[in-house]
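Chains, contacts and geometry: an overview
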Protein chains: 2
Amino acid sequence: MTTPWTIEARWIAPRRFEAHGPTPTVVRMDARTNAGGESTGPTPMETVLIALAGCTGMDVVGILAKMRAPLGGLTVRVMGERAEIHPKVFTKIHVRYEVRGAGLTAAQVERAVRLSQEKYCSVAAMLRPTVAITHETVLLDARDRACEERAG
Amino acid sequence: MTTPWTIEARWIAPRRFEAHGPTPTVVRMDARTNAGGESTGPTPMETVLIALAGCTGMDVVGILAKMRAPLGGLTVRVMGERAEIHPKVFTKIHVRYEVRGAGLTAAQVERAVRLSQEKYCSVAAMLRPTVAITHETVLLDARDRACEERAG
């Protein structure tokens, strides 16, 4: 058993909570305006998707680094569909990995993503008994990147 | 089926990810220094506990408001113990509700917490098949509050 990991969330108002773990960085959550909140930050269920994206994203970055694969950029998008009735769990989650890197191959990315989804990602492993998690990978090429850089 | 809820997490470096949902507020996650990160924010697994705290916290605030119970303050602390082997899921989660409010009764708080844990909290419902979630409530009295206010 490892050291307990502890977080603390403090009620601000009317539905806003400010939370942090052992590091001081605060996470601000809020309910939507139609649920008594002010929509100032992600809802708790969006925060679950954020945790999933961070978890698998860090895995993929770490695995590609071990493979000495030239990762240039990574954005993880997560889409969740929810049940209509309480407790309104996610019924489907889809993860999309948008990856950049000159010389990076689709096979390297696929392998890293598969290792994360099937072996390492703690958040995915905790959600999978309740919800089907699917994923796709998109390898953006150097030209796309140049276009985006020009647009920026 | 409700509208898909989408979040996006962008890799910064070396293990930091910045994420947000439909609202612009950013959630900054990071790995610990012993895991290739810089410990600048909560880890993804801490972010799961934060989501749980926000979810059940918002429930309790809403339920007590419907009961017209005089809630003065709420802090939700969550402790998680993790498995040693991959994918290192939580094996136990404990939630502690620290509640303040002159005139608020323990029965009101217990009822609100129970409704959240057993019926409404989406995050708890998604985690429960994998991990045992226990909870306790602590009703801090007016004197405690006065002491804290003096200390501040």
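Preceding block: the structure.
Let us look at the structure shown here.

**Focus: the overall build of chain A**
Secondary structure summary: chain A contains four helices and six strands in total. Sequence-ordered secondary structure for chain A, helices as α and strands as β, is β-β-β-α-β-β-α-α-β-α. For chain A, the C-alpha atoms occupy an extent of roughly 50 × 45 × 35 Å along the three principal directions. Classification of the 152 residues of chain A by burial places 51% in the buried group. Contacts in chain A between residues far apart in sequence, at least 24 positions, make up 50% of those at least 6 positions apart. For chain A, the accessible surface area stands at approximately 6,900 Å², while carbon and sulfur atoms represent 53% of it. Both charge centroids of chain A, one from 20 positive and one from 16 negative side chains, sit 3 Å from each other.

**Examining the relation of the copies chain B and chain A**
When chain B is fitted to chain A, the best match, at an RMSD of 0.0 Å, comes from turning it 180° and sliding it 0.0 Å along the axis. This pairing of chains is accounted for by a two-fold axis. Same-surface contact between copies: 100% of interface residues of chain B are shared with the interface of chain A.

**Some details on the sheet that holds strand β2 (residues 17-20) of chain B**
Taken in spatial order, the six strands make up an open sheet running β6(A)-β5(A)-β4(A)-β1(B)-β2(B)-β3(B), and their pairing is mixed. Each having just a single partner strand, β6 (132-140) of chain A together with β3 (27-29) of chain B make up the two edges of the open sheet. Strand-to-strand twist of the sheet, defined as the mean angle between neighbouring strand axes without regard to direction, takes the value 20°. With four bridges joining them, strand β1 (residues 5-11) of chain B and β2(B) adopt antiparallel strand pairing. Each bridged residue has a counterpart across the sheet, and for B:W11 the counterpart in β2(B) is B:F17. This element, helix α2 (residues 106-120) of chain A, spans β5 (90-100) and β6 of chain A of the sheet and lies at about 155° to β6(A).

Rules and cut-offs
- Residues numbered from 1 in each chain as written.
- Chains lettered and ligands numbered in written order.
- Predicted model: local features only at pLDDT ≥ 70, side-chain atom pairs only at ≥ 80, totals over all residues.
- Heavy atoms only, no water.
- Helix = DSSP H or I, 4+ residues; strand = E, 2+ residues; numbered from the N terminus.
- Buried < 20%, exposed > 50% of the residue type's maximum accessible area, 1.4 Å probe, protein only.
- Contact = heavy atoms within 4.5 Å.
- Areas by Shrake-Rupley, 256 points an atom, 1.4 Å probe, with all protein chains shown as cover.
- Lys, Arg positive; Asp, Glu negative; His and termini not counted.
- Charge placed at Lys NZ, Arg CZ, Asp CG, Glu CD.
- Least-squares fit on C-alpha atoms with pLDDT ≥ 70 in both.
- Pairing = 2+ DSSP bridges.
- Axes fitted to C-alpha atoms, helices over the stretch in contact; angles between N-to-C directions.

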